[in-house]
Amino acid sequence: MITRTRPWLLLTPALIVLAGLLLWPLIRVFLFSLQDYGLREIVSGEPNWIGFDNYVEIFTDSQLWTVVLPNTVGFAVVAVLGTVIFGTLVALLLASLGKAWRLIVGSAIMIAWAMPAVTGTYVWIWIFDADHGLVNAVLQGAGLMEHPFNWFTNPVTFYAIVVINIIHHGFPFVAVTVLAGLLGVSKEMLEAAEMDGAGAFRRFFQVIFPSLRQVFAVVFILSTIWDFKVFAQIYLMPGGSGSNREVLNLGVWSYVESFGQNRYGFGSAIAVLLTLLLLVITAIYVRFLLKEDEL
């Protein structure tokens, strides 16, 4: 009995700290979501419990189903796939290089990862700026465009820029993680597959991918969590702070309602829904990993 409980006794201090830092704030957000919590409640300190009315308002708001949820899910799917695919291609490139060039190229791509999200976002804003942006200048100089185009007013082009920003910032993590797995793949298996006539495409999907299935699962989980709760890269873009309601996602919607409209209870309810959505997605990935271990 003592042997079984000893690990938990050793973990108890760390678990208490984690509960205080992570679990309690989540509980507080959930409690706020059950209130009509605004400036009056902040000043008076008295709660105004309304039950699940905030959640009812969210689910009956057409904006959730026509704008916010499609933006959140659609953007996350494209961003995750783009980041993982591009990062994997870079990892394959690095694996094919010698040690010296691998160090040089690896150090170069890590600059993109080290760049703060705010700095990177403003760089892409400048590149696509309607008046002085590099893209408009090149397109107009090439005769492909007569007048400057505002890339940030249309939801499709707006999120296309955000996706580019996210891929640019996130692919180094995928590249380094996949590269670590690639270096452990049996060279004998790859050579045998090549001798059997398997091309690069077949070698990847029949040898490399099965060997790195769990690595890719972890990369997908982390990328999904990060991309579903993207905030700064959207909020800092022109119109992304709430002035253009067509580009809202769950994270920005929660912030705008909380700190822009002083509806902290309603914003907390949106945050709770986003957390639950991430938990569901993570549970699906973890279930997939457990099934792979059983096989």
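Residues numbered from 1 in each chain as written. Predicted model: local features only at pLDDT ≥ 70, side-chain atom pairs only at ≥ 80, totals over all residues. Heavy atoms only, no water.

## Here's the deal with the overall build of the protein
And step 1. When helices and strands are counted, the protein shows 14 helices and 0 strands.
And step 2. When the helices and strands of the protein are placed in sequence order, the string is α-α-α-α-α-α-α-α-α-α-α-α-α-α.
And step 3. Seen through its C-alpha atoms, the protein measures out along the principal axes to roughly 80 × 75 × 30 Å.
And step 4. Counting the 295 residues in the protein, one finds 37% classified as buried.
And step 5. Sequence-distant contacts in the protein: of pairs separated by 6 or more residues, those separated by 24 or more amount to 66%.
And step 6. Working note: accessible area of the protein is about 17,200 Å², and carbon and sulfur atoms make up 70% of it.
And step 7. Considering the protein, the positive charge centre built from 15 side chains and the negative charge centre built from 19 side chains are found 13 Å apart. (Helix = DSSP H or I, 4+ residues; strand = E, 2+ residues; numbered from the N terminus. Buried < 20%, exposed > 50% of the residue type's maximum accessible area, 1.4 Å probe, protein only. Contact = heavy atoms within 4.5 Å. Areas by Shrake-Rupley, 256 points an atom, 1.4 Å probe, with all protein chains shown as cover. Lys, Arg positive; Asp, Glu negative; His and termini not counted. Charge placed at Lys NZ, Arg CZ, Asp CG, Glu CD.)

## Quick notes on unusual backbone geometry
Phi is mostly negative for residues that are not glycine, and the peptide bonds are mostly trans.
And step 1. Residues other than glycine seldom take positive phi values, yet asparagine 262 does so here, at roughly 60°.
And step 2. Checked against the element boundaries, asparagine 262 lands in the loop between helix 13 (250-260) and helix 14 (264-294).
And step 3. Judged by its relative accessible area of 30%, asparagine 262 is partly exposed.

## Focus on helix 6 (residues 117-127)
And step 1. Every buried residue of helix 6 is accounted for by Gly120, Thr121, Trp124, Ile125 and Ile127. Each buried residue of helix 6 sits inside an arc of 160° when the element is viewed along its axis, so together they form one side.
And step 2. On the buried face of helix 6, the contacting elements are helix 7 (134-141), helix 8 (155-182) and helix 12 (232-235). (Arc of directions from axis to C-beta.)

## Looking at the pattern of salt bridges
And step 1. With the rule as written, the count across this model stands at 4 salt bridges.
And step 2. Notably, a salt bridge pairs arginine 40 with glutamate 41, separated by 3.0 Å at the nearest N-O pair.
And step 3. What makes arginine 40 exposed here is its relative accessible area of 59%.
And step 4. Classification of glutamate 41 as buried rests on a relative accessible area of 5%.
And step 5. Here arginine 263 makes a salt bridge to glutamate 257, at a shortest N to O gap of 3.8 Å. (Salt bridge = Lys/Arg side-chain N within 4 Å of Asp/Glu carboxyl O.)

## Describing the packing of helix 8 against helix 11 (residues 213-228)
And step 1. Look at helix 8 against helix 11: their axes get within 10 Å of each other, and the N-to-C directions meet at 160°. With respect to each other, helix 8 and helix 11 are oriented roughly antiparallel. The chirality of how helix 8 crosses helix 11 is right-handed. Between helix 8 and helix 11, the residues in contact are Ile166, Phe173, Val174, Thr177 and Val178 and Val215, Phe216, Val219, Leu222, Ser223, Trp226 and Asp227, respectively.
And step 2. Looking at the contact of helix 8 with helix 11, its residues break down into 9 nonpolar, 2 polar and 1 charged. (Axes fitted to C-alpha atoms, helices over the stretch in contact; angles between N-to-C directions. Parallel < 35°, antiparallel > 145°, perpendicular 65-115°, else oblique. Left-handed = near helix turned anticlockwise from the far one by under 90°. Nonpolar A, V, L, I, M, F, W, Y, C, P; charged D, E, K, R; others polar.)

## Re the nonpolar core
Taken as a class, soluble globular proteins show a tendency for nonpolar side chains to be buried jointly.
And step 1. Judged by nonpolar contacts, the single largest core of 41 residues is most densely connected at Ile58, Phe75, Phe128, Phe158, Val162 and Trp253.
And step 2. The set of elements that each furnish at least two residues to this core consists of helix 3 (53-59), helix 4 (62-96), helix 6, helix 8, helix 13 and helix 14.
And step 3. Per-element tally for this core: the top contributor is helix 14, with 8 residues.
And step 4. Contact partners of isoleucine 58, with chain neighbours within four places excluded, come to Leu64, Trp253, Phe266, Ala269, Ile270 and Leu273. (Core = buried A, V, L, I, M, F, W, Y, C linked by side-chain atoms within 4.5 Å.)

## What to know about the packing of helix 9 (residues 187-195) against helix 10 (residues 200-211)
How two helices pack is summed up by the angle between their axes together with the distance between the axes.
And step 1. With their axes 10 Å apart at the nearest point, helix 9 and helix 10 run at an angle of 145° to one another. As for the relative orientation of helix 9 and helix 10, their crossing is right-handed in sense. Seen from helix 9, the contacting residues are Met189, Leu190, Ala193 and Glu194; seen from helix 10, they are Arg203, Val207 and Ile208.

## Remarks on the environment of phenylalanine 201
And step 1. In this fold, phenylalanine 201 is placed in helix 10.
And step 2. Through-space distance from the C-alpha of phenylalanine 201 to that of isoleucine 85 is 13 Å; in sequence the pair is 116 residues apart.

## So, the side chain of glutamate 41
And step 1. Considering the arrangement of structural elements, one finds glutamate 41 in helix 2 (residues 39-44).
And step 2. There is a polar contact of 2.8 Å between the side chain of glutamate 41 and the backbone nitrogen of glycine 38.
And step 3. In this structure glutamate 41 touches Asp36, Glu46 and Asn48, once residues within four positions along its chain are discounted. (Polar contact = N/O pair within 3.5 Å; in protein donor to acceptor, adjacent residues only side chain to side chain.)

## Regarding the side chain of threonine 88
And step 1. Along the chain, threonine 88 falls in helix 4.
And step 2. A residue is classified by how much of its surface remains accessible, and threonine 88, at 6% relative accessible area, is buried.
And step 3. Not counting residues up to four positions away in its chain, the partners in contact with threonine 88 are Val174, Val178, Phe204 and Phe216.

## Some words on the confidence of the model for the protein
And step 1. Taken residue by residue, the protein gives an average pLDDT of 86. The fraction at 70 or more is 96%.
And step 2. Mean pLDDT values over the elements of the protein span from 73, in helix 9, up to 93, in helix 3. (pLDDT = per-residue confidence, 0-100.)

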